[in-house]
Amino acid sequence: MEGNAESWKEASVRFRGAVAEHGWIIALEGTRKPSGKLVTRKLATMQESSALAGASDGRYVVMTMQSVFEHKRSVTETVTVMFGHDGVWHAAGYFIK
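Structural notes, computed from the coordinates.

From N to C terminus, the protein includes three helices and four strands. The order of α-helices and β-strands along the protein, N terminus first, is α-α-α-β-β-β-β. By the compact-globule yardstick of 13 Å for 97 residues, the protein fits well, its C-alpha radius of gyration being 14 Å. If one aligns the C-alpha atoms of the protein with their principal axes, the spans along those axes are about 40 × 30 × 20 Å. Across the 97 residues of the protein, 30% fall into the buried class. Counted over contacts in the protein with a minimum sequence separation of 6, partners at least 24 positions apart contribute 36%.

This is the structure:
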């Protein structure tokens, strides 16, 4: 649970404004915990963009990974990172299916 809180703290300002820390922890626990430990993760796609649906213009990279977890053998994870005003890339979104 501590790692989930840390991931929220390292996320972009926009992400933290849209998702409360407690809500993020609950969401990750509900989606990742049943899957078990990560076995493998392989980058499938990576695309830069300056505009994303529902987000303000900025510098983004959207990555998809093909992942295998202990209890789920085929998972697609999508991670979006955003270049912040502080000159650092921050997580801006995470989806798993």
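There's more to say after this.
Right, let's get into the environment of Val88. Among the secondary structure elements, Val88 is positioned in the loop between strand 3 (75-83) and strand 4 (89-96). In this structure, the C-alpha to C-alpha distance between Val88 and Ser12, residues 76 residues apart in sequence, is 9.4 Å. Each residue touching Val88, except ones within four places of it in the same chain, is listed here: Met82 and Phe83.

Our next topic: the sheet that holds strand 1 (residues 38-49). The sheet built from four strands is open, its strands ordered 1-2-3-4 with antiparallel pairing. Whereas interior strands pair on both sides, the edge strands pair on one side only; in this sheet they are strand 1 and strand 4. Going from strand to strand, the sheet's axes swing by 25° on average, the running direction of each strand aside. Alignment of strand 3 against strand 4, held across seven bridges, turns out to be antiparallel. Following the sheet pairing, Val79 is matched in strand 4 by Tyr94. Against the sheet, helix 3 (residues 21-32) touches strand 1, strand 2 (60-69), strand 3 and strand 4, its axis set at about 45° to strand 4.

With that settled, the discussion passes to the environment of Met46. Mapped onto the elements of the fold, Met46 is located in strand 1. Taking the relative accessible area as the measure of exposure, Met46 reaches 56% and is therefore exposed. Placed 15 residues apart in sequence, Met46 and Val61 show a C-alpha to C-alpha distance of 6.7 Å. If near-sequence neighbours (up to four positions away) are discounted, Met46 is found in contact with Val61, Val62 and Met63.

One finds Trp8, Ala11, Phe15, Trp24, Leu28, Val61, Met63, Met65, Val79, Val81 and Tyr94 forming the largest nonpolar core, which totals 11 residues. When contributions to this core are tallied by element, the ones reaching two or more residues are helix 3, strand 2 and strand 3. By residue number, the principal contributor to this core is strand 2, which donates three residues. Residues in contact with Met65, not counting those within four places in the same chain, are Arg41, Lys42, Leu43, Ala44, Val75, Thr76, Glu77 and Val79.

Conventions used here
- Residues numbered from 1 in each chain as written.
- Predicted model: local features only at pLDDT ≥ 70, side-chain atom pairs only at ≥ 80, totals over all residues.
- Heavy atoms only, no water.
- Helix = DSSP H or I, 4+ residues; strand = E, 2+ residues; numbered from the N terminus.
- Rg over C-alpha atoms; globule rule 2.2 N^0.38 Å.
- Buried < 20%, exposed > 50% of the residue type's maximum accessible area, 1.4 Å probe, protein only.
- Contact = heavy atoms within 4.5 Å.
- Pairing = 2+ DSSP bridges.
- Axes fitted to C-alpha atoms, helices over the stretch in contact; angles between N-to-C directions.
- Core = buried A, V, L, I, M, F, W, Y, C linked by side-chain atoms within 4.5 Å.

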